[in-house]
Amino acid sequence: MNGRGFDPGERPSVRYVDDPELAYVMLRYREVHDFVHVLSGLGTSVEGEIVQKWFELLQTGLPVAMLSATVGPLKLNTEEKRRLITEWIPWAVHASVSVPFFLNIYYERLYNSDLNELRRELAFPPLPYGVPTQFHE
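Every value quoted in this text rests on a predicted model; they were computed, and no experiment measured them.

How should I be thinking about the packing of helix 1 (residues 20-40) against helix 2 (residues 46-60) in this particular structure?
Helix packing geometry: the angle between the two helix axes and the distance between the axes. At a minimum axis distance of 11 Å, the contact between helix 1 and helix 2 shows a crossing angle of 110°. Here helix 2 runs roughly perpendicular to helix 1, going by the angle between their axes. In terms of crossing hand, the pair formed by helix 1 and helix 2 is right-handed. Facing Tyr29, His33, Val36, His37 and Ser40 of helix 1, the residues of helix 2 in contact are Gly48, Glu49, Gln52, Lys53, Phe55 and Glu56.

Encoded structure:
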C-alpha cells in the first residue's frame, strides 16, 4: 500500500448514513477499495475504476457500485467499451466468485505479505492479457 501511495486512513468519514453500524460498513467499503486495487492490479484510470466497481457490485450488490459500474462506461471511448464488455466484465465475474468476500479480509494483518503470494492465496485471477494496468509486478 505504501509503495503505491494509498492510505486507507485518508478516507473522509461517511455522511448521510445515520445508523452507526451501516456507516462503519460503508467506511470499511471505502477503506478497502484501495487494497483491492493493489491486490487485483487494476489501475486507477476511469477504466480501472469501472472494472473494480463491477467486481464490488458483484460481491456486494451495493447501489453505489451499481451506479458507478453502469453509468461510468458513458465516459469510455468505443475501444474501452468493447474491452469492458469482452474482457473486463468477464474478469470481474470470475474474480467475484473466486475471491473471498473482500470486506471480510483483515487487510491490516497482510501489510508485510508478498503481493504475488497473497494474490494466489486469495485466488485473484490474473488480469486479461494486454489490458492496461497501473501496477506491474
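Would you take a moment to explain the nonpolar core for this structure?
As a rule of thumb, soluble globular proteins bury nonpolar side chains together. Within the largest apolar cluster, 31 residues are counted, with the highest numbers of intra-cluster contacts made by Trp54, Phe55, Leu84, Phe102, Tyr107 and Phe124. Elements with a minimum of two residues in this core: helix 1, helix 2, helix 3 (63-71), helix 4 (78-98) and helix 5 (115-121). When near neighbours in sequence (up to four residues on either side) are disregarded, phenylalanine 102 contacts Tyr29, Val32, Val36, Phe55, Glu56, Gln59, Thr60 and Tyr107.

I keep staring at the packing of helix 2 against helix 3 and nothing clicks. Help me out?
It is the contact of helix 2 with helix 3, at a shortest axis distance of 8 Å, that shows an interaxial angle of 140°. Considering the angle they form, helix 2 stands oblique to helix 3. Of the two elements, helix 2 crosses helix 3, and the hand of that crossing is left-handed. Facing helix 2, whose interface residues are Ile50, Lys53, Trp54, Glu56 and Leu57, helix 3 presents Ala65, Met66, Ser68 and Ala69.

Criteria and cut-off values
Residues numbered from 1 in each chain as written. Predicted model: local features only at pLDDT ≥ 70, side-chain atom pairs only at ≥ 80, totals over all residues. Heavy atoms only, no water. Axes fitted to C-alpha atoms, helices over the stretch in contact; angles between N-to-C directions. Helix = DSSP H or I, 4+ residues; strand = E, 2+ residues; numbered from the N terminus. Parallel < 35°, antiparallel > 145°, perpendicular 65-115°, else oblique. Left-handed = near helix turned anticlockwise from the far one by under 90°. Contact = heavy atoms within 4.5 Å. Core = buried A, V, L, I, M, F, W, Y, C linked by side-chain atoms within 4.5 Å. Buried < 20%, exposed > 50% of the residue type's maximum accessible area, 1.4 Å probe, protein only.

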